[in-house]
Amino acid sequence: METGTLLLKTTCGLVVLVCSNAISQVQDQPLPLSPVQIDQMWNEAQDLVKDGQLEEGADLYMAIAQGGPASTKLLNAALRAGHSYRVANLTDKAVESYDTVIAMATATAWGSNDERGTANDLRRSAVCNKASILDQAGRHEEAAVLYGGLVKEILNRKRPLANNSYARLGDTMEAAQRAAQCLERAGKDAEAVWYYDAIVTLSDARGWEEDGENVKTVYGIQNARADALFRKASACARAGQPGEARQAIQRLQAEFPDHPAVIRILPLETQLNGGSLQ
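Bear in mind that the values here come from a model prediction, so they are computed numbers and not experimental data.

Glancing now at the environment of Ala261. By secondary structure assignment, the location of Ala261 is in helix H12 (residues 260-264). Linking Ala261 and Phe230, residues 31 residues apart in sequence, is a C-alpha distance of 6.4 Å. Those residues within four positions of Ala261 in sequence are excluded, and the remaining contacts are Phe230 and Leu252.

Structure follows, in structure tokens:
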């Protein structure tokens, strides 16, 4: 075996990786990898990606992910692999990497709340990235299912979101919008309406106080609510639901009289009032 070549046995067989001397010392070591070996391989993967060797760096990240008991660092390695494969236009490998994150995060009994929270964040990121790849490949309904799962996780929570959960709420509202848009691209306007309603529901989930620190986030949440009402009206009209479309328009006008969406919705309102949709 040449110096610097690492053979690691994975669930998919043998993966051959070309590495520098920084990690060549692990070439004949049995799995699992030690923390020192993982750190050395991590640094090598970072350097490879930075130098534009995206596939090689991603392969190395995946070797780390498959090199020991589940941990949030190994999850992060698989996620980074997916991102690098995606930038390299190796979408099949990217999806496999994201699936690794999802499976590992779901199957592992995490020891602490911090680990559980980090693993959940990494899993949600992997789901979003996989869904985006599927959507770009024209598999809109499959992508909508993935985005929709993230939305339903939050809507079905037994406990409300914590006071510091602005980011999670915003991410969930964005996932709902993406799910709706995927369904619209698939010609499923009536099904898309559910997700626009979900955005409105999420924006009602708690009282939002503009305390100076979160005013931008509050503005973003309210803007997403207005946009959801606008898009719901349009989707309802396309789905042959003029009554629901009018209700969404009326709510938009009442809650956000100065929002640009009120102007943008005028042609649809005129069309509805003109009787062209029954």
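Let's pick the thread back up.
All right, on to the nonpolar core then. Ile64, Leu75 and Leu252 are the most contacted members of the largest nonpolar core, which totals 76 residues. In terms of residues, this core owes the most to one element, helix H10 (residues 215-238), which gives nine residues. Among residues more than four places away in sequence, those in contact with Leu75 are Val101, Met104, Ala105, Trp110, Ala119 and Leu122.

A word on the confidence of the model for the protein. Predicted coordinates in regions of low pLDDT should not be interpreted in detail. Averaged over every residue, the pLDDT of the protein is 84; residues scoring 70 or more account for 79%. Below pLDDT 50 for its whole length, residues 207-212 participates in eleven contacts with residues either more than four positions away or in separate chains.

Positive phi is not limited to glycine here, since Asn89 has a value of about 65 degrees. Summarising the element assignment, Asn89 is placed in the loop between helix H4 (72-87) and helix H5 (91-107). When its relative accessible area of 65% is taken as the criterion, Asn89 is described as exposed.

Moving on: the side chain of His259. With respect to the helices and strands, the residue His259 is situated in the loop between helix H11 (242-255) and H12. The class for His259 is buried, based on a relative accessible area of 15%. Within polar-contact distance, the side chain of His259 engages the backbone nitrogen of Ala261 at 2.9 Å. Residues contacting His259, with those up to four places away along its chain left out, are Asn223 and Ala226.

Turning our eyes to something else, we now look at the pattern of salt bridges. Enumeration according to the criterion identifies 16 salt bridges in this entry. A salt bridge links Glu55 to Lys93; the shortest N-O distance between them is 2.8 Å. Here the residue Glu55 occupies a position in helix H3 (residues 54-65), and Lys93 occupies one in helix H5, the gap between them amounting to 38 residues. Relative accessible area serves as the criterion here: at 29%, Lys93 is assigned to the partly exposed category. The salt bridge partner of Arg139 is Glu142, with a shortest N-O separation of 2.9 Å. Since its relative accessible area comes to 41%, Arg139 is described here as partly exposed. One salt-bridge network, held together by shared partners, links Glu55, Asp59 and Lys93.

Let us look at the side chain of Lys130. Its location among the elements puts Lys130 in helix H6 (residues 113-136). Beyond its immediate sequence surroundings of up to four residues, Lys130 is in contact with Val95, Tyr98, Asp99 and Leu146.

Thresholds applied
- Residues numbered from 1 in each chain as written.
- Predicted model: local features only at pLDDT ≥ 70, side-chain atom pairs only at ≥ 80, totals over all residues.
- Heavy atoms only, no water.
- Helix = DSSP H or I, 4+ residues; strand = E, 2+ residues; numbered from the N terminus.
- Contact = heavy atoms within 4.5 Å.
- Core = buried A, V, L, I, M, F, W, Y, C linked by side-chain atoms within 4.5 Å.
- Buried < 20%, exposed > 50% of the residue type's maximum accessible area, 1.4 Å probe, protein only.
- pLDDT = per-residue confidence, 0-100.
- Polar contact = N/O pair within 3.5 Å; in protein donor to acceptor, adjacent residues only side chain to side chain.
- Salt bridge = Lys/Arg side-chain N within 4 Å of Asp/Glu carboxyl O.

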